[in-house]
Amino acid sequence: MNFDDIKSAWNSEEDNSNIIVPVKIDSKKAALPVDKIRSNMRLEAIVQVAALMLMYFVPAYYHFGVVMTTAYYCVYGIAVAITAYYFIRFYFFYRRISNTELNSKDHIYAVYYDIKLNIEMYRSFTYALLMLALGLIITAVFFIPSADAAALSNKPIGYLIMVMTVFTALIAIATEIALHRNYGRYLKAIKAILDEFREG
Amino acid sequence: MKNKEQEFLALIEANKGIIHKISRMYMDTQDDQQDLFQEIVCQLWKSYDSFKHQSSFSTWMYRVALNTAIVFLKKEKRQLRTSDQMPEHIPADDPQAAIRETQLQHFYRAVQKLERLEKALVFYHLENYSHREIAENLGISEGNARVKLNRAKEKLKTLIKQQGYEF
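So, here's what we can say about the structure. Since this is a predicted model, take the numbers as computed values, not measurements.

Cut-offs and rules
Residues numbered from 1 in each chain as written. Chains lettered and ligands numbered in written order. Predicted model: local features only at pLDDT ≥ 70, side-chain atom pairs only at ≥ 80, totals over all residues. Heavy atoms only, no water. Helix = DSSP H or I, 4+ residues; strand = E, 2+ residues; numbered from the N terminus. Expected span 1.5 Å × (residues − 1). Buried < 20%, exposed > 50% of the residue type's maximum accessible area, 1.4 Å probe, protein only. Arc of directions from axis to C-beta. Contact = heavy atoms within 4.5 Å. Salt bridge = Lys/Arg side-chain N within 4 Å of Asp/Glu carboxyl O. Phe/Tyr/Trp six-rings, centres within 6.5 Å; stacked < 30°, edge-to-face > 60°. Axes fitted to C-alpha atoms, helices over the stretch in contact; angles between N-to-C directions. Parallel < 35°, antiparallel > 145°, perpendicular 65-115°, else oblique.

For helix 7 (residues 142-162) of chain B, with 21 residues, the first-to-last C-alpha span of 30 Å sits near the 30 Å given by 1.5 Å per residue. Listed as buried for helix 7 of chain B are Asn144, Ala145, Lys148, Leu149, Ala152, Lys153, Leu156, Leu159 and Ile160 of chain B. In an axial view of helix 7 of chain B, the angular spread of the buried residues amounts to 160°, which keeps them on one side of the axis. Contact partners of the buried residues in helix 7 of chain B: helix 1 (3-11) and helix 7 (157-196) of chain A together with helix 4 (95-111), helix 5 (116-126) and helix 6 (131-138) of chain B. Directly beyond the C-terminal end of helix 7 of chain B, a positive phi value near 85° is found at glycine 164 of chain B.

Turning our eyes to something else, we now look at the pattern of salt bridges. Scanning all chains against the criterion turns up nine salt bridges over all chains. The partner of glutamate 120 of chain A in a salt bridge is arginine 123 of chain A, and the shortest N-O contact between them spans 2.8 Å. Placement of both glutamate 120 of chain A and arginine 123 of chain A in helix 5 (residues 104-143) is noted, with a separation of three residues, approximately one turn of the helix. Note that lysine 16 of chain B is salt-bridged to glutamate 13 of chain B, the shortest N-O span being 2.8 Å.

Residue and element names in this part refer to chain A. Along the chain, asparagine 40 falls in helix 2 (residues 33-56). Assessed through its relative accessible area of 19%, asparagine 40 is described here as buried. Placed 143 residues apart in sequence, asparagine 40 and tyrosine 183 show a C-alpha to C-alpha distance of 8.8 Å. If we ignore the near neighbours within four places in the chain, the residues touching asparagine 40 are Asn182 and Tyr186.

What follows covers the packing of aromatic side chains. Here the distance between the centres and the angle between the planes together describe a pair of aromatic rings. Overall, the coordinates contain 34 aromatic pairs over all chains when judged by the stated rule. What links up through ring pairs into an aromatic cluster is the set Tyr56, Phe57, Tyr61, Tyr62, Phe64, Tyr72, Tyr73 and Tyr76 of chain A.

So, about the packing of helix 1 (residues 2-26) of chain B against helix 4 of chain B. Residues and elements named next belong to chain B. The interhelical angle for the contact between helix 1 and helix 4, taken along N-to-C directions, is 55°, at an axis separation of 7 Å. Judged by the inter-axis angle, helix 1 sits oblique to helix 4. Touching Lys21, Arg24 and Met25 of helix 1 are Glu101, Gln105, Phe107, Tyr108 and Val111, all from helix 4.

Across its 30 residues, helix 4 (residues 66-95) of chain A extends 42 Å between first and last C-alpha, which sits within 8% of the 44 Å expected from 1.5 Å per residue. Among the residues of helix 4 of chain A, Met68, Ala71, Tyr72, Val75, Tyr76, Ala79, Ile82, Thr83, Tyr86, Phe90 and Phe93 of chain A are the ones counted as buried.

Take a look at the structure:
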């Protein structure tokens, strides 16, 4: 056998009778990395909106005082604005379907950088919300008079620094795990394909 | 909309053989091949609005189908399954057809072990594309296409020989 034989066998492979073309197109079957990421994004968006809605009722549920409620809703307003900004960005990413008509290298580059950009957006979104949460905690502990806050603010400064550091570290670890689970593994797979296109 | 879908499905029906070949090159089990076939049809449909009729349907289809196959992910539950068997039927009544079918089965078995880009190169080569056309469709330089195609052919030759088939 040689390549001409393969070519000839390839060209004469005409028995298509057993290939069934769907009578209707089921677009839900999509299983490309970008499609999987899009489905993760849909889920995340629902969870985030639900979380924001629930957070609205926190002051009433915990019977916050007037000052704490005001501080909370100031921070909440900023959180909503930040979320809205990132949702718009995520939405554009979501809509920008990777163009499968580009040449293969450009197509894979587009997929790769879209995923990478989305990871960075997700990361900055999480840290922006984290900073707000830390700001709210600091405000509650140091600037709003209450029995609990007074008890906390009497703790040694080293203790508070440690609590904040651990809290931040836990959020950062959770974020990185979520990013790896939802995006990182696809990015790695796409990167491996991209490497195949290198010269030489 | 219905008419457009019917027109599209008629085009797919006419070109299903080539989509099947791509699926067979990229996936080793029949289940995965069917999934990829469906995925390619789905991606072609998604892009169908932007098909400008400036190129032939098949040229446009090759590009979308290969781009889909290159980044397609197997279903995770099936990832550990590999298929080294020789499936499909071998026609007993036509010796020439039987030889061709055996050659194709050795080819498809060997091609599974190539990288994703190498499969695309071999596909275009079998479809009689020139190095320049292959390079254009894949987005690499002509020289790179030539070097990588030669390398892929060498690899394929070794793999087929390893299967005990004369090459």
